[in-house]
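Coordinate inspection notes
Residues per chain are reported as follows:
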Amino acid sequence: HTWADIDAVLELRPSWGQSVVTALARIEGRPLGIMANDPAHLGGAIDSDAADKAARFMQLCDAHGLPIVSLCDTPGFMVGPDAEETAQVRHFGRMFVVGASLSVPFVTVILRKAVGLGAMAMTAGSMHAALLSVAWPTGEVSGMGIEGAVKHGARRELDAIDDPDRRQERCEELVARMYENSKALNAAAHGEIDDVIDPADTRRRVAQILAAAPDTNRRGRPMIDSW
């Protein structure tokens, strides 16, 4: 709401799949779709309902020629026995299938966390697939949750330390190192994203890239899934 046009944001399905927010909006008068993770629900993790909501919304935008802006702040897809009972892989896969078939411009802005396959789903399948992929300085890009990555990736090293205090100290050192390496500035330096931007510059950068994008005032998708 803070960088879209005034009184030009309409949220869709706010009470369902709440870890993903979907809205129609305008920026400098141009209509577009915005989808964003909501860390206030499940920490922003994408569950089956949220995946269906995001996939259906991307189809809606594609069918009506609306560019999509994705605001990414997710620790990934929801995991665990309860999530698996919802046939989550099938629902998660919908986001990748739809993202891969989009014909409209797609812009990704990483606000904070961009973790694992959930982050890839929020970027139409790849950070290189988007017309523009940028992050705020608070962005963190990683393949999985950092604490879990250290626990599993450095298990042998940590298990070899007999002193529990020293083991915990070493674990915290590795976690701190991985957090440092996951900073958005490092991702940009390695070409994983296009740039790290000032949050106050978000509206201008999004408007600028969409103005340079091909015209999408057409219907490119013959049908939209029910949701």
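Definitions and limits used
- Residues numbered from 1 in each chain as written.
- Predicted model: local features only at pLDDT ≥ 70, side-chain atom pairs only at ≥ 80, totals over all residues.
- Heavy atoms only, no water.
- Helix = DSSP H or I, 4+ residues; strand = E, 2+ residues; numbered from the N terminus.
- Rg over C-alpha atoms; globule rule 2.2 N^0.38 Å.
- Contact = heavy atoms within 4.5 Å.
- Areas by Shrake-Rupley, 256 points an atom, 1.4 Å probe, with all protein chains shown as cover.
- Lys, Arg positive; Asp, Glu negative; His and termini not counted.
- Charge placed at Lys NZ, Arg CZ, Asp CG, Glu CD.
- Expected span 1.5 Å × (residues − 1).
- Salt bridge = Lys/Arg side-chain N within 4 Å of Asp/Glu carboxyl O.
- Buried < 20%, exposed > 50% of the residue type's maximum accessible area, 1.4 Å probe, protein only.

What follows is about the overall build of the protein chain. When its secondary structure is counted, the protein chain shows nine helices and eight strands. Taken over the C-alpha trace, the protein chain has a radius of gyration of 19 Å; the compact-globule value for 227 residues is 17 Å, and the two agree within 12%. Considering only residue pairs separated by 6 or more positions, the protein chain has 75% of its internal contacts joining residues 24 or more positions apart. Looking at the protein chain as shown, the accessible area adds up to about 11500 Å², and 54% of this sits on carbon and sulfur atoms. Distance between charge centres in the protein chain, computed from 23 positive and 31 negative side chains, equals 5 Å.

Its 13 residues place the ends of helix α3 (residues 88-100) 19 Å apart at the C-alpha level, agreeing with the 18 Å of an ideal helix rising 1.5 Å per residue. Those residues of α3 that are buried lie in contact with α1 (48-63), α2 (81-84) and α4 (116-121).

For the structure shown, the criterion picks out six salt bridges. Among the ionic pairs, Arg94 bridges to Asp52, the shortest N-O distance being 2.9 Å. Residue Arg94 is found in helix α3, and its partner Asp52 is found in helix α1; the two are separated by 42 residues along the sequence. The closest approach of N and O atoms between Asp201 and Arg204, which form a salt bridge, is 2.7 Å.

This part takes up helix α9 (residues 202-212). The complete set of buried residues in α9 reads Thr202, Arg205, Val206, Ala207 and Leu210. Where the residues of α9 are buried, they touch β2 (20-27), β3 (30-37), β4 (68-74), β5 (106-115), β6 (132-135) and β8 (195-196).

A separate point is unusual backbone geometry. For Asp7, which is not glycine, the phi torsion reads 55° and is therefore positive. Within the element layout of this structure, Asp7 appears in the segment before β1 (9-12). Its relative accessible area of 81% is what places Asp7 among the exposed residues. At Glu28, a position not held by glycine, the phi torsion is positive, near 55°.

What follows concerns the side chain of Thr123. With respect to the helices, strands and loops of the structure, Thr123 is situated in the loop between α4 and β6. For Thr123, a relative accessible area of 0% translates into the label buried. Those residues within four positions of Thr123 in sequence are excluded, and the remaining contacts are Phe106, Thr108 and Ala129.

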